[in-house]
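Notes for the structure review
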Amino acid sequence: MSDPTADKAGEPAAPGADFIREAVASDLASGRYDYVRTRLPPEPNGWMHIGHAKAFSIDYYVAKDFGGTCNLRFDDTNPEKEDMSYVEAIMRDSRWLGLDCGDRTFFASDYYEKLYELAVKLIKKGVAYVDDLSAEEMSEYRGTAVPDKNNITITPPGRNSPWRDRSAEENLDLFERMRKGEFPDGAKTLRAKIDMAHPNLVMRDPPMYRIRREPHYRTGEAWCIYPMYDFQHPLSDAIEGVTHSLCSMEYEIHRPLYEWFIREAEVFPSRQIEFSRLNITHTVLSKRWLLQIVNEGLVSGWDDPRMPTIAGLRRRGYTPEAIRDFIGRIGIAKTTSMVDIQLLEHCLREDLNKRARRVMAVLRPLKLIIENWPAGKVEMLEAVNNPEDPAAGTRRIPFSGELYIERDDFQEVPPPKYFRLFPGNSVRLRYGYIVTCTGFDKDPATGEIGSVRCSYDPATRGGDAPDNRKVKGTIHWVSTAQAVSLEARLYEHLFSSERPMEVAPGGSFLDSLDRGSLERVEGAFGEPSLADSREGDRFQFERLGYFCVDPDAKPGRLVFNRSVSLRDSWAKIEKKQA
RNA sequence: UGGGACGUCGGCAAGCGGCUAAGCCUCCGGAUUUUGGUUCCGGUAUUCGCAGGUUCGAAUCCUGCCGUCCCAACCA
C-alpha cells in the first residue's frame, strides 16, 4: 500500500494506449463529443467475476483518463433472474476493487416510464408495432440460422408478420392495453419495424417489449411489460448522456440496432465500442455456469476461494492491487484470447512479496528432537518480519529442544540434489541453529517416520556459521510447546482442464471440475505470533506460500486459506527426475 | 454462395510503409541468497495464418485463399 505506483496499477499508461482510448481521443478531437462518460452495465443476476472486473476497469479508467465520469447502471430488465442481493454484492465488490462510482449509481428500472414514452414515440412514427405471433412463430418467421448438412449455417430471408402493418392508432391502443395487463404473458410483443430480410438476424424486427407477470425486485408489480436489452440499452445510455458505451465483442452484431434505436428515438447519440472479453485457463467466466456450480453445491458459495468471482478472490487472499495489475497487463484488444492463470498468480505473488509479513508454520508436522539441547530450555530468537520491507521490523520466536518441521524436509534416503535433512546431513533451522541429523524413528509396521533426532551446534545461534562452513539447506520450524494449531486450506484450480469451456460432445463442463480442488489440512501448527491474527490478515508462511485468515476462523480456531504458493523450483527438479 | 469479427513467440500483446519485430507471463540456463522465495544477468519469432501483387522498401497497402470465434432467447 505504501508503494505509490501500486494504485496506478491497472491504469494503462496514457490516453491512446489502446484502440478504445484512441477512438475516444479522436472523438474528442473531432468534436463528436466534448466530454466523456462511460457506464458499468451489470445485470444483477450473479456475482461479479474477474471478467466483469476487466470490463468495469476499462469503463472506469477510460472515463478517468479523459477527465470524464463513469456511471454504475444496473441493467435490470429481466425480473425473473434479478435480485437485490446481487445488486448489493456487485456494489460491494466494485467498491472493494476501487471502481467506485459514488452517487452515480442508477437503474434501468428507474427509466421504465421514460422508455415507455420512447416506445410510444416509435409507434407513432410507424417504426414499431404490436405483434401477436407466439415466440415459436416469431422465431420461424425471422428465418433464423439453420445448420445444413455441411454444418454451415444458412439463413433464409424472414417473412413479415401478418400483424406488421397495423395502424399506428391500433398499435398505440394495443401497447397501452399490454401495459394495463389485458393480455396474457407472451400473447403479444412490441417489435421494431426494420427489415425482415436483413442479413443481420438481430435487425429482423427485434422485440422491444414482452409481457411478463413477474414481480420485479425494484418495481414490484407496477409493470407487466418489460423492455428488452436491445431497446433499453441504447436509450438508457442516451438518458444518462453516455458518450462511449463499451461492451464485449458479442454485441458487435447488435451495434447497427443500437444505432437504429438512437436514430429513430432521436436521442443522445452514444457510441458503442466493442472489445474482447476475458478468458482464463482452468476456470470458467460465465455467470450461467458459475451459478450452476453454486446451486449444485459444488463450491461453498459465490465467495468460495476457488471461484473466479471478486468475492472468491478476496476470500482467497487476493488484493485489489493484484487484480488491477493483472487487468492492466492483459491489455485490451479484439482478439479472442485465453490468459494463462499463472499471470494472475504472478501478480498476487509480486504484490504480496512486498507487503506480506513472514511467519513460520508447519503444515505436515514431523517432530524434530535436538538431543544435546539443555532440557527444558526455551530461547527467544529474533526473526525478520519482511526482508523486502525493513520497516516491518523484527519479532521474537521461541526455540526449544523439541520442534515441528515439515515432513517433506526430511528424507530417509535423499533423492538427487536434495539438500534438506537426511541422516548425517546438516541443515539450518531458520533464525535458529545449524543442526545435524543423527537418527530417526520409524514405525516398523507402517514405515512412517515418527520423529527425527539431531544435534545442534551452539556456536551457530541465529543461523550463522562462524567457521564459514557451507550449509545449503535452511528449513522452517515451530517449537512444539508454544505452537498454535491451525487449519490450512489448500486449493487447486477449480477445473483440471486448461479450457473447461471446451466441452466434449455429449459432455458437460462439469466433467473437468476438480472435486479434490480443496484440501483441508487440519493438524498444522504455526508460530505463536499467529494467535491473534484476524480475518483477512495476510502472511507469507515461509517456504510455503501466501496465506490469509478465512472468515470461518473463530477465536481460538485459526483457519488459513492458501492464496497462492511460492514459486517452487524444487518441484520442477522433482518433476524432471520423475 | 447468410451476417459480423479476428488471425504477430507456448500464453497475453505492442507495432499505424523504412533502425537487427517492444514488453509482460511461462519456459530454459547462470549469479546472489539464513525462504530450492526475492533480486539480478542471459537465452528463446531472420519472422508476422498462407499465396500472390503494389513499392526502392510491407507484419503494416491490395487481391485471393485458409483457419478461429460470435449470431437460431418474448436473456443481457
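Just so we're clear, the structure is a prediction, and the values are computed from it rather than from any experiment. (Residues numbered from 1 in each chain as written. Chains lettered and ligands numbered in written order. Predicted model: local features only at pLDDT ≥ 70, side-chain atom pairs only at ≥ 80, totals over all residues. Heavy atoms only, no water.)

Re the packing of aromatic side chains
Enumeration over the complete set of coordinates arrives at 30 aromatic pairs. For the ring pair phenylalanine 410 and phenylalanine 440, a centre distance of 5.5 Å and an interplane angle of 55 degrees mean the geometry is tilted. Taken together, the positions of phenylalanine 410 in the loop between β17 (402–406) and β18 (426–429) and phenylalanine 440 in strand β19 (residues 434–442) put the pair 30 residues apart, joining distant regions of the chain. Under the relative-accessibility criterion, phenylalanine 440 is labelled partly exposed at 24%. Ring centres 5.7 Å apart and planes at 65 degrees place the aromatic pair tyrosine 418 and tryptophan 570 in the edge-to-face group. In this pair, tyrosine 418 sits in the loop between β17 and β18 while tryptophan 570 sits in helix α13 (residues 569–577), placing the two residues 152 residues apart along the sequence. Taken individually, tyrosine 418 and tryptophan 570 each receive the classification buried, so the pair is uniform in this respect. Within the aromatic cluster, the residues linked to one another by ring pairs are Tyr112, Tyr116, Phe175, Tyr209, Trp223, Tyr226, Phe231, Trp260 and Phe261. When the ring centre of phenylalanine 183 is taken as origin, the NZ or CZ atom of lysine 188, which lies over that ring, is 4.6 Å away. The ring of tryptophan 373 carries the charged tip of lysine 377 above its face, separated from the ring centre by 5.3 Å. (Phe/Tyr/Trp six-rings, centres within 6.5 Å; stacked < 30°, edge-to-face > 60°. Helix = DSSP H or I, 4+ residues; strand = E, 2+ residues; numbered from the N terminus. Buried < 20%, exposed > 50% of the residue type's maximum accessible area, 1.4 Å probe, protein only. Lys NZ or Arg CZ within 6 Å of the ring centre and 35° of its normal.)

Here's the deal with the packing of helix α1 (residues 19–30) against helix α2 (residues 50–65)
Contact geometry of α1 with α2 gives a least axis separation of 11 Å together with a crossing angle of 40 degrees. As summarised for this structure, α1 and α2 are arranged oblique, according to the angle between their axes. In this structure, α1 meets α2 at a crossing whose hand is right-handed. Mapping the contact onto sequence places Ile20, Arg21 and Val24 in α1 and Ile58, Tyr61, Val62 and Asp65 in α2. When grouped by side-chain class, the residues that make up the contact of α1 with α2 number five nonpolar, no polar and two charged. (Axes fitted to C-alpha atoms, helices over the stretch in contact; angles between N-to-C directions. Parallel < 35°, antiparallel > 145°, perpendicular 65-115°, else oblique. Left-handed = near helix turned anticlockwise from the far one by under 90°. Contact = heavy atoms within 4.5 Å. Nonpolar A, V, L, I, M, F, W, Y, C, P; charged D, E, K, R; others polar.)

Some words on the pattern of salt bridges
All told, the structure shown has 58 salt bridges when counted by the stated rule. As a salt-bridge pair, arginine 315 and aspartate 550 come within 2.7 Å of each other at their nearest N and O atoms. Of this pair, arginine 315 sits in helix α10 (residues 310–316) while aspartate 550 sits in the loop between β26 (545–549) and β27 (558–565), placing them 235 residues apart in sequence. Residue class for aspartate 550 comes out buried when judged on its relative accessible area of 0%. Here aspartate 552 and arginine 489 are joined by a salt bridge, their closest N and O atoms 2.8 Å apart. Of this pair, aspartate 552 sits in the loop between β26 and β27 while arginine 489 sits in strand β23 (residues 484–491), placing them 63 residues apart in sequence. Assessed through its relative accessible area of 29%, aspartate 552 is described here as partly exposed. Using a relative accessible area of 5% as the deciding quantity, one classes arginine 489 as buried. (Salt bridge = Lys/Arg side-chain N within 4 Å of Asp/Glu carboxyl O.)

Observations regarding helix α4 (residues 112–125)
In a regular helix each residue adds 1.5 Å, so 14 residues correspond to 20 Å; α4 covers 20 Å between its end C-alpha atoms and thus fits that length. When α4 is considered as a whole, its buried residues turn out to be Tyr112, Leu115, Tyr116, Leu118, Ala119, Val120, Leu122 and Ile123. Glycine 126 occupies a position one or two residues after α4 and carries a positive phi of about 85 degrees. (Expected span 1.5 Å × (residues − 1).)

Thoughts on the layout of surface pockets
If you add up the space inside the largest pocket, you get close to 1,600 Å³. Lining the largest pocket we find 42 residues, and of these Ser565, Leu566, Arg567, Asp568 and Ala571 sit closest to its centre. When residues of the lining of the largest pocket are traced back to their parent elements, those giving at least two are α12 (341–355), β23, β27 and α13. Considering every element that reaches the lining of the largest pocket, the biggest residue donor is α13, with seven residues. Counted by class, the lining of the largest pocket contains 13 nonpolar, ten polar and 19 charged residues. A domain split of the lining of the largest pocket shows at least three residues from each of domain 2 (287–355) and domain 3 (358–483). The computed volume of the second largest pocket comes to approximately 1,100 Å³. Forming the walls of the second largest pocket are 37 residues, and the residues nearest its centre are Pro41, Glu43, His52, Tyr251 and Lys287. Elements with a minimum of two residues in the lining of the second largest pocket: α2, α7 (229–240), β10 (244–248) and α9 (287–295). Ranked by residue count, the leading element in the lining of the second largest pocket is α2, at six residues. (1 Å grid on protein atoms, 1.4 Å probe; cavity = no way out; pocket = protein on both sides within 12 Å on 5 of 7 lines; lining within 4 Å. Points joined across faces, edges and corners; volume = space filled by probe spheres on them. Domains from an automatic or database assignment.)

Thoughts on the protein's contact with RNA strand B
If you check the shell around RNA strand B, you find 68 residues, and the closest are Arg210, Arg358, Arg430, Gly462 and Ser569. Counting only atoms of RNA strand B within 4 Å of the protein, the fraction found in sugar and phosphate groups is 66%. Side-chain polar atom of glutamate 43 to a sugar or linking oxygen of RNA strand B: 3.5 Å apart, as the coordinates give it. Contact between RNA strand B and leucine 133: a base nitrogen at 2.8 Å from a main-chain N or O atom of the residue. Residue assignment for the surface near RNA strand B shows that the elements contributing at least two residues are α5 (135–141), β8 (207–211), α11 (320–330), α12 and α13. Take the surface near RNA strand B: its biggest share by element is five residues, from α13. (Near = heavy atom within 4 Å. Polar contact = N/O pair within 3.5 Å; in protein donor to acceptor, adjacent residues only side chain to side chain.)

Section: helix α6 (residues 168–180)
The terminal C-alpha atoms of α6 lie 18 Å apart, and with 13 residues this matches the ideal 18 Å at 1.5 Å per residue to within 8%. Among the residues of α6, Asn171, Leu174, Phe175 and Met178 are the ones counted as buried. The buried side chains of α6 occupy one side of the element, clustering within an arc of 100 degrees when seen end-on. Relative to its buried face, α6 has exposed residues pointing more than 90 degrees away, namely Glu169 and Lys180. On its buried face, α6 is in contact with α4, β4 (128–131), β7 (189–192), β8 and β9 (225–227). Residue glycine 181 follows α6 closely and has a positive phi angle near 90 degrees. (Arc of directions from axis to C-beta.)

A look at the nonpolar core
Judged by nonpolar contacts, the single largest core of 48 residues is most densely connected at Ile20, Ile50 and Phe326. At the level of elements, α1, α2, β2 (69–74), α3 (84–97), β11 (271–275), α10, α11 and α12 are the ones that each hand at least two residues to this core. At nine residues, the largest contribution of residues to this core is made by α2. In this structure, phenylalanine 326 is in contact with Ile50, Leu278, Ile280, Val339, Leu343, Leu344 and Cys347, ignoring residues within four places of it in sequence. Grouped together as the second largest cluster of nonpolar side chains are 33 residues, Met203, Phe231, Trp260 and Ala265 included. (Core = buried A, V, L, I, M, F, W, Y, C linked by side-chain atoms within 4.5 Å.)

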